[in-house]
Each structure stands twice: as structure tokens, then as C-alpha cells.
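The residues making up each chain are set out below.
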Amino acid sequence: MNRDRKGAFLTLFGGFCWGASGSMGQYLFTRQGMDSRWLVPIRLGLAGIILFLYCLKKYGVKKTFAPWRTKKDAVDLLIYGLAGISCCQFLYFLTIQLSSAAIGTILQDLSPVMILLVSCMMAKRKPLFNEILSIILALVGVFLLTTHGSLDSLSVPVSALITGVLCAVCVTIYNVEPKHLLDTYPVTLLQGWAFLLGSSMFTLIFRPWTFHYVPNGMGLLGIAFVVVVGNVLAFTAYMTGVALIGPEKGILYGFAEPVTAAVISTTMLGSHFTIYDALGFACIFLMMVCISWKPEHSSKTQTAGR
């Protein structure tokens, strides 16, 4: 298998794993009675421990703790890990709990447009034609998904729309704010610390032990699935694929995530999927195509924060 085919396969597989993980989250919320405030601290903690142990073995103690040795890196890691990665994880699963896996993933995929706008402001330039077109497509796609073509009512709860857009904002934060971290340290190392930080923060905020929830066998399997498949496996496959084919193509192949979530949630979890949803998905996909036209202005997206 040549480099491009291998990269495309791994990127598609990573997106599939994320979509399947989101659908599993929907199952845990709707069929197992879990709460995102209970699930996310546990998911982050387990994934963080796995990646932390992996980094200790691969990089050693000195390099694993290197981001904490300077004040600037430590502050940026806190921003990256808490305001970016961890809040993205929580808002993503909260959006799924409030709506569906398909809506959660597609709203999160608005982040390339937000990154584009931030990049334009930082470079003090106007958006190019294809970038303006991508913004319009994103707005049309969200309109179709949330209203189904009618201004009289919303097909998606307002709360889910808000949390989904905020999730995309968090993706933008961890892609744009601490850029030098991504250039200095392995992404695996940053992810491990981000997951551990997020687990600690949400455990203190939500106190999951107060929920008095005890998962059954299927619930435990579901937790293992979202940790191993949704964090470790998806992250490894997607980022390896992006390294082979580049972030621009990675954005497009990453669309396997919302498609997978939509198919699973519709066929297996009973979610409704209309022609307006299909048109909205198509607009978001075309938005990604437009952004990928110009690599120098496209988003360097590291979508491993789900």
C-alpha cells in the first residue's frame, strides 16, 4: 500500500472510530442512563493514564514532564488542555446527550471555519473567495440542520446548538492558541496531559461519585469503547494518517466521523434523519472542500480532542 492510500485509510479509520465513539456515547446516554458529567471525567482519566504511561515508556520521565519546566509552556498547556481539549470533550458529549451523535459531530466540524476567521484576523487579511464561500456553506448547513428549512421552529434543541458551537470554539482554541506547543512537543504527550488535567478539573466540578450511578456490564463495555476506540485508537490512526497525507486532505477524510455517527445513530439508535439533514451534511462537506483548496490558508486541524 503506497503512502497516500495508507494515509487515506488511516484517516478514514480514525474518523470512523470517532463517529462510532460518539454513537456509543449516545447509546450510553439514551439506553444506559449515563450522564455526560459522570462519563467525561472517567473517560478523560482512563485515556490520560493510558497515554501518560505510553509517553513514559517511549519518551522517558524527563521529556514527559518537560512542558512543566517553563512558566510559558505550563500556562499554554493549561489553556490547551483545559479550555481547549477538555472542554471540547465535555461539550461534545453534552451536545450528543442533548441531541444526537450526528448533530454533535457536525456542529464540532464548524471549527475549520472558525480557525479560518482567526487566521485571517491574525494575518490582517480579507478572506479569499473560496474562504468566503466556505463560510456561507457552513452557515447554510447549520441552518438546514437546525431548522429543517422552517424559520418557525428548531429541529435541534437550542441548548444543543449552543453547546455544539461552543465545542467548535474549543477546537479552535486548542488549534490556534498554543501553537508553539504543537511545534515543540509530541501531540501524544500533550494529549495525555490534557486528558489528565481535564479529568481532574471535571472530577472536582461535577463530583461524579455523587451521581450514585453504577454501570452494568454493557455500560462498562461502552466506557471501554469510548476510551480505547474513541480516544487512543482513533487518535493514533487519524494523526498517523494526517502525517502521511497532510492536514488539508485529512480534513476531508475526517468527514467519515459525522457520516459514521449519522448512519449508526439513524439505523441502530432510532434518530431521525431527513433530507434537510442530508443537505446540511453536504454543505458542511463542501465547506471543508473549499477550505482545503488553499493549503497555505487552510486550518492545521488536530481533531484529536473529541
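Values in this document were obtained by computation on a predicted structure and should not be read as measured data.

Colleague: Account for the confidence of the model for the protein chain, naming residues and giving values.
Modeller: In regions of low pLDDT, the predicted coordinates are not meant to be interpreted in detail. For the protein chain, per-residue confidence averages 87 on the pLDDT scale, and residues scoring 70 or more make up 94% of the total. Predicted confidence in the protein chain is weakest over helix α11 (residues 247–253), with a mean pLDDT of 71, and strongest over helix α2 (residues 36–64), with 95. Below pLDDT 50 for its whole length, residues 295–301 participates in 19 contacts with residues either more than four positions away or in separate chains.

Colleague: Just give me the short version of the packing of helix α5 (residues 111–123) against helix α6 (residues 129–147), but keep the residues and values in it.
Modeller: Between α5 and α6, whose axes approach to 10 Å, the crossing angle comes to 140 degrees. Here α5 lies oblique to α6, going by the angle between them. Crossing geometry of α5 relative to α6 is assigned as left-handed. Residues V113, L116, L117 and C120 of α5 form the contact with α6, whose own contacting residues are E131, S134, I135 and A138. Tallied by class, residues from the contact of α5 with α6 come to six nonpolar, one polar and one charged.

Colleague: Run through the side chain of T11, naming residues and quoting values.
Modeller: Here T11 shows up in helix α1 (residues 3–30). Looking at T11, its side chain comes within polar contact range of the main-chain oxygen of G7, at 2.7 Å. With near-sequence residues (within four places) excluded, T11 lies in contact with A237, Y238, G241, V242, I245, G250, Y253 and G254.

Colleague: Summarise unusual backbone geometry; cite the residues concerned and give the values.
Modeller: Positive phi values are uncommon outside glycine, yet K124 reaches one of about 55 degrees. Summarising the element assignment, K124 is placed in the loop between α5 and α6. Accessibility expressed as a relative area gives 78% for K124, which makes it exposed. Positioned with a positive phi, R207 is a non-glycine residue whose angle comes to about 45 degrees. Residue position: R207 is located in the loop between α9 (187–206) and α10 (217–245). R207 gets classed as partly exposed once you look at its relative accessible area, which sits at 46%.

Colleague: I'd love a proper account of the environment of I173, names of residues and values included.
Modeller: Note that I173 resides in helix α7 (residues 158–176). Here the alpha-carbon distance between I173 and Q108, two residues 65 residues apart in the chain, equals 13 Å.

Colleague: Can you lay out the environment of T240 for me, pointing to particular residues and giving the numbers?
Modeller: Mapped onto the elements, T240 comes out in helix α10. Residue class for T240 comes out partly exposed when judged on its relative accessible area of 35%. Sequence spacing of T240 and L10 is 230 residues, and the spatial spacing of their C-alpha atoms is 6.9 Å.

The rules we used
- Residues numbered from 1 in each chain as written.
- Predicted model: local features only at pLDDT ≥ 70, side-chain atom pairs only at ≥ 80, totals over all residues.
- Heavy atoms only, no water.
- pLDDT = per-residue confidence, 0-100.
- Helix = DSSP H or I, 4+ residues; strand = E, 2+ residues; numbered from the N terminus.
- Contact = heavy atoms within 4.5 Å.
- Axes fitted to C-alpha atoms, helices over the stretch in contact; angles between N-to-C directions.
- Parallel < 35°, antiparallel > 145°, perpendicular 65-115°, else oblique.
- Left-handed = near helix turned anticlockwise from the far one by under 90°.
- Nonpolar A, V, L, I, M, F, W, Y, C, P; charged D, E, K, R; others polar.
- Polar contact = N/O pair within 3.5 Å; in protein donor to acceptor, adjacent residues only side chain to side chain.
- Buried < 20%, exposed > 50% of the residue type's maximum accessible area, 1.4 Å probe, protein only.

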